[in-house]
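Structural overview for review
One letter stands for each residue in the lines below.
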Amino acid sequence: MKILLVDDEERAVRGVSRWIAGEIGQWEVVTAASGADALRLLESGDFNVIVSEMRMTGMDGAELLSLVEQRHPDVFRVVLSGQADRDTVLSAVQPMHQFLSKPCDLNVLIEVIKRAETFQATIASAAVLDAIGQANGLPSVPGIVSEINEALASENWNTQSIANIIKKDPLLSARILQVANSAIFALPHPVLDVVQGVSLVGAEVIQGLAMSQAIQLRNVKDSALLSTNALFDHSFQVAVLAKTFTRHVLQGDDTCASVFSGALLHDIGKLILLDAFPDQYSRLLSIAAAENRPLWELEFDQLGATHQGVGAYLLALWGVPAAIVEIVASHHSFEVCSRRNLPCQVVYAANWLCNGGDEALIERELESANHTEQADLFAKHLLSWKSDALEHADMASPTRNNR
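Being a predicted model, the structure only gives us computed values, none of them experimental. (Residues numbered from 1 in each chain as written. Predicted model: local features only at pLDDT ≥ 70, side-chain atom pairs only at ≥ 80, totals over all residues. Heavy atoms only, no water.)

Here we look at the packing of aromatic side chains
Scanning all chains against the criterion turns up five aromatic pairs. Judged by centre distance (6.2 Å) and plane angle (70°), the ring pair of Phe334 and Tyr348 falls under edge-to-face. Placement of Phe334 in helix α19 (residues 334-338) and of Tyr348 in helix α20 (residues 342-354) is noted, with a sequence separation of 14 residues between them. Using a relative accessible area of 4% as the deciding quantity, one classes Tyr348 as buried. By way of ring pairs, the aromatic residues Phe334, Tyr348 and Phe378 are connected into one cluster. Sitting over the face of the ring of Phe260, Lys167 holds its NZ or CZ atom 4.9 Å from the ring centroid. (Phe/Tyr/Trp six-rings, centres within 6.5 Å; stacked < 30°, edge-to-face > 60°. Helix = DSSP H or I, 4+ residues; strand = E, 2+ residues; numbered from the N terminus. Buried < 20%, exposed > 50% of the residue type's maximum accessible area, 1.4 Å probe, protein only. Lys NZ or Arg CZ within 6 Å of the ring centre and 35° of its normal.)

Quick look at helix α16 (residues 295-303)
For the α-helix, the turn length of 3.6 residues means that residues three or four positions removed from each other point alike. Every buried residue of α16 is listed here: Leu295, Leu298, Glu299 and Leu303. Angular distribution of buried residues about the axis of α16 spans 105°; they occupy a single face of the element. Tucked into the core, α16 has its buried residues touching α6 (126-133), α14 (268-276), α15 (278-291) and α17 (307-317). Downstream of α16 by a residue or two, Gly304 has a phi angle that is positive, lying close to 75°. (Arc of directions from axis to C-beta. Contact = heavy atoms within 4.5 Å.)

Right, dumping it as structure tokens:
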């Protein structure tokens, strides 16, 4: 990893640089005393990460990261600043991936970078990495801004009513969790629930995030927009079904929140790939449906990445809690989920059922997993949950969505 630290307080930035280099010897750390210096360095070297102060003379951190997003979208963008207020959120949230506040435990910074490095290693395509870096401006559900504005204008609006609107949109939900889990709020525990995120972030930031997403709709083709809407609908159906399963097999509010959020965000990688490669990805969706082939296999063959890997990497960049990232990363892997916790298994089950609940697929997965004890038990759970879904009218109706 090659890291660029930017701060006009040279003593502070040199101290951070020496500490990181001492802790992680294989990382290269370079410093810059201004935004202009940082841009020149970025042009001359292949950097993986930029960590910038917000308040600097001349070009501030928000302006710098906006330019980095445009010119070097694959670079992981972190704000490390003592300025943590709502104005900062609105100015920096579009270009940044994560916000850490000063004074910062440098072990936290290292872990943030390590986490991103782990998921980045699963993606072989430079074009896909660029697409992930530009995902802060992906389009939102049509009409979501109008719905939010109308709700906020009402005298009867509350956190739950706004959250119910936002839950229709996986991208906006992820951005809310991104901001809520940033150091701006300095919470001692992760925010897993969109409702809690809405309560923390506040109406002004929600409107700003929704507006920044909606502006991008002007550049989306009609065919891609139809696919995007179908993906939004599928994600919400999987989330509702997963939440229903959770009430039957799991306990605890945190678990329920991570399951719903993980299910809502499980296909966010598809949105990135569809936005970046609309024609090519639309063809892959058609082939997967026509030939009943797993979409993720076609993705890996044609794009060098899978939508579950892309989605997990994006959410890791955004600082979304690990419990949710793990669900997104594993939602197509029967063998991995058989060894994971129940939240991962429940979301796998809900997605499988909403894609038709093909029992022959489970048989093939069992054979591939060599019928281990864990795999056999997981298969029994899947068949049992399918039976429950067919018996209970309150469970979501399965709908096909190309796996």
